[in-house]
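# Understanding the architecture of this molecule
The primary structure of each chain is shown beneath.
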Amino acid sequence: MRAIFKSIAIVVGIPSLLATIYFGFFASDIYVSESRFSIRSVNASPVTAGLAALLASPIGGGGGPDSIVVSDYVHSQDMLSQVQEKLDFRAHYSDNTVDHLSRLNEHATQEETLEYFRKRVDIIRDSSSGVFILRVRAYDATMAQSLAKLVIELSERLVNNLSIRMEEDALSTARNELQLAANKVRTASDVLTSFRNINASLNPAAESSALLGIVAGIETKLVEARAALSEKLAYMREDAAEIITLKNRINALQRQFRLEKSRVVGAEDGQGLSRLIENYQPLVLEQEIAQQQYASALTSLELARIEAQRQKQYLVTFVQPSLPDEAVEPRRIAKILTVMVFSFLLYLIGGLMWSALKDHIGR
């Protein structure tokens, strides 16, 4: 029996005594600053009316993949580098006033410092609500709060940069399409203006319609003159003055008719209005298509801008980092009891294994 008590004193008593001495007299006080934040996006919501419309909020939707990005960023080397630059992380956690077991080694490597940083800055994400719980442990209350604020500030900057990058990527394609459409409109307008200057014609189609009206009028007058000539030849001689006048009028109308008609259908050189219209219509059609493409690209740009704004991410801190007024860690009694329990369990497991080994050897 004495041997059992002696072994218990060695296996359980010594670790418990060391834990009592360390946590009771040497372990440094740890201040914990806690805050909560979330990543939200502006999502379009269906139109509502009445009380539902008054209660509807424009902020909705969790951050999704961006939440994972923020979690990884908080524990990244980039975060540690910026924290070190602004708060001198190493100086605080390797201070001589901190106990040796908790202190950061002054000559710690970059990887060791990052591992130490991850233990002091804890971030937990609630997958159901998308809420982040940030807990920062430091050996000074002000340092704990300042470090928590800095981590949130840097995380918010990351979210904003990601949103700006996503917005620029979404809008750049639409802007390029708009620029291409504007260039097409400019080119089509230049070609059409050049055609009008070369042919001294603003609108061959409209001019052709006007000429057709003139030709139709001349043809009507020619028909009337011929009818009058036929009527008068029935009772007058051909050398009569009135007959000669009618014939001269008919000849003049015929010449005018041929001249105006040649302007419409084209002379032998093929440069009539019909040829101009044939070359003019494709240019007008190309300009109209270019203008429609420009209008469509302008609409697409506006839609892309609205969609980019709708998908924009925001880091919303709804519980600001607290300034602890007392050290809540280490939980000294709980730590001592934990050492005692684990030591006793280790003693029981070791005893069972030793009994099983003796039984095996005895056989």
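Remember, it's a predicted structure, so these values are computed and weren't measured experimentally.

## Side note on the pairing of strand β3 (residues 121-126)
In terms of strand pairing, β3 meets strand β4 (residues 131-138) through six bridges, oriented antiparallel. Pairing of D126 across the sheet is with V131, part of β4. Between β3 and the antiparallel strand that follows it, β4, lie four residues; G130 among them carries a positive phi value of about 75°.

## Remarks on the packing of aromatic side chains
Each aromatic ring pair is specified by the distance between its two centres and by the angle formed by the two planes. Evaluation of the coordinates by the stated rule reveals eight aromatic pairs. For the pair F89 and Y93, a centre-to-centre distance of 4.4 Å together with 35° between the ring planes defines the contact as tilted. In this pair, F89 and Y93 both sit in helix α5 (residues 89-93), four residues apart, roughly one turn of the helix. One aromatic cluster is present, built from ring pairs that chain together F89, Y93, Y116, F117 and Y139.

## Here's the deal with the pattern of salt bridges
On inspection of all chains with the given rule, the structure shows nine salt bridges. Among the ionic pairs, R175 bridges to E168, the shortest N-O distance being 3.6 Å. Residue classification places R175 among the partly exposed positions, given a relative accessible area of 39%. By relative accessible area, which is 40% here, E168 ends up partly exposed. Through salt bridges with shared partners, one network takes in E34, R36 and R135.

## Things to note about the nonpolar core
In this structure, F89, Y93 and L134 are the most contacted members of the largest nonpolar core, which totals 36 residues. Of all elements in the fold, only β1 (31-42), α3 (65-74), α4 (77-87), α5, α6 (110-120), β3, β4 and α7 (141-199) reach the threshold of two or more residues within this core. Here this core takes 10 residues from α7, the largest share from any one element. Setting aside its immediate chain neighbours within four residues, L134 contacts S33, E34, S35, F37, V121, D122, I123, A148, V151 and I152. Of all hydrophobic cores here, the second largest spans 11 residues; its members include I218, A240, I250 and L253.

## Comments concerning the packing of α4 against α6
Remark: α4 packs on α6, axes separated minimally by 10 Å, with the N-to-C direction vectors making an angle of 90°. By the criterion of interaxial angle, the relationship of α4 to α6 is roughly perpendicular. Contact with α4, carried on its side by Q77, M79, L80 and V83, involves Q110, T113, L114 and F117 of α6 and no other residues of that element. Classifying every residue of the contact of α4 with α6 by side-chain character gives five nonpolar, three polar and no charged.

## So, the environment of S28
Mapping S28 onto the fold places it in the loop between α1 (2-26) and β1. For S28, a relative accessible area of 12% puts it in the buried group. As a C-alpha pair, S28 and E329 span 301 residues in sequence and 8.6 Å in three-dimensional space. When sequence neighbours within four positions are dropped, the list of residues in contact with S28 reads T97, V98, D99, Y139, E329, P330 and R332. Within polar-contact distance, the side chain of S28 engages the backbone nitrogen of D99 at 2.8 Å.

## Concerning a nonpolar patch on the surface
Taken together, the side chains of I10, I14, L17, L18, I21, F25 and F26 define a hydrophobic patch exposed on the protein surface, amounting to about 750 Å² of accessible area. Take L18: it is sitting in helix α1.

## Considerations on the side chain of S163
Topologically, S163 is positioned in helix α7. At a separation of 3.0 Å, a polar atom in the side chain of S163 contacts the main-chain amide nitrogen of Q313. Once you skip the residues sitting within four places of it in the chain, S163 turns out to touch K312 and Q313.

## Considering the environment of Q291
Examined against the element boundaries, Q291 turns out to sit in helix α10 (residues 273-310). Sequence separation between Q291 and S189 is 102 residues; the distance between their C-alpha atoms is 9.8 Å.

## Notes on the confidence of the model for the chain
In the predicted model, the chain carries a mean pLDDT of 81, and the fraction of residues at 70 or more is 83%. This stretch, residues 44-61, has a pLDDT under 50; its non-local contacts, to residues over four places away or in other chains, come to 16 contacts.

## What about unusual backbone geometry?
A cis geometry characterises the amide bond from E329 onward to P330, with omega recorded as -5°. If you trace the backbone, P330 turns up in the loop between β5 (313-319) and α11 (332-362). Although it is not a glycine, D88 sits at a positive phi angle of roughly 55°. On the secondary structure map, D88 appears in the loop between α4 and α5.

## Description of the environment of T299
With respect to the element layout, T299 can be found in helix α10. Placed 125 residues apart in sequence, T299 and A174 show a C-alpha to C-alpha distance of 9.3 Å.

## Some remarks on α1
A bend of about 35° at G13 is the largest found in α1, and the proline P15 appears one to four places after it. Residues of α1 that are buried include every one of V12, S16, A19, Y22 and F23, and no others.

Analysis parameters
Residues numbered from 1 in each chain as written. Predicted model: local features only at pLDDT ≥ 70, side-chain atom pairs only at ≥ 80, totals over all residues. Heavy atoms only, no water. Pairing = 2+ DSSP bridges. Helix = DSSP H or I, 4+ residues; strand = E, 2+ residues; numbered from the N terminus. Phe/Tyr/Trp six-rings, centres within 6.5 Å; stacked < 30°, edge-to-face > 60°. Salt bridge = Lys/Arg side-chain N within 4 Å of Asp/Glu carboxyl O. Buried < 20%, exposed > 50% of the residue type's maximum accessible area, 1.4 Å probe, protein only. Core = buried A, V, L, I, M, F, W, Y, C linked by side-chain atoms within 4.5 Å. Contact = heavy atoms within 4.5 Å. Axes fitted to C-alpha atoms, helices over the stretch in contact; angles between N-to-C directions. Parallel < 35°, antiparallel > 145°, perpendicular 65-115°, else oblique. Nonpolar A, V, L, I, M, F, W, Y, C, P; charged D, E, K, R; others polar. Polar contact = N/O pair within 3.5 Å; in protein donor to acceptor, adjacent residues only side chain to side chain. Patch = residues over 30% accessible without salt bridge, like charges linked within 9 Å, V, L, I, M, F, W, Y side chains within 5 Å. Areas by Shrake-Rupley, 256 points an atom, 1.4 Å probe, with all protein chains shown as cover. pLDDT = per-residue confidence, 0-100. Bend = angle between axes of the 7 residues up to and from the residue.

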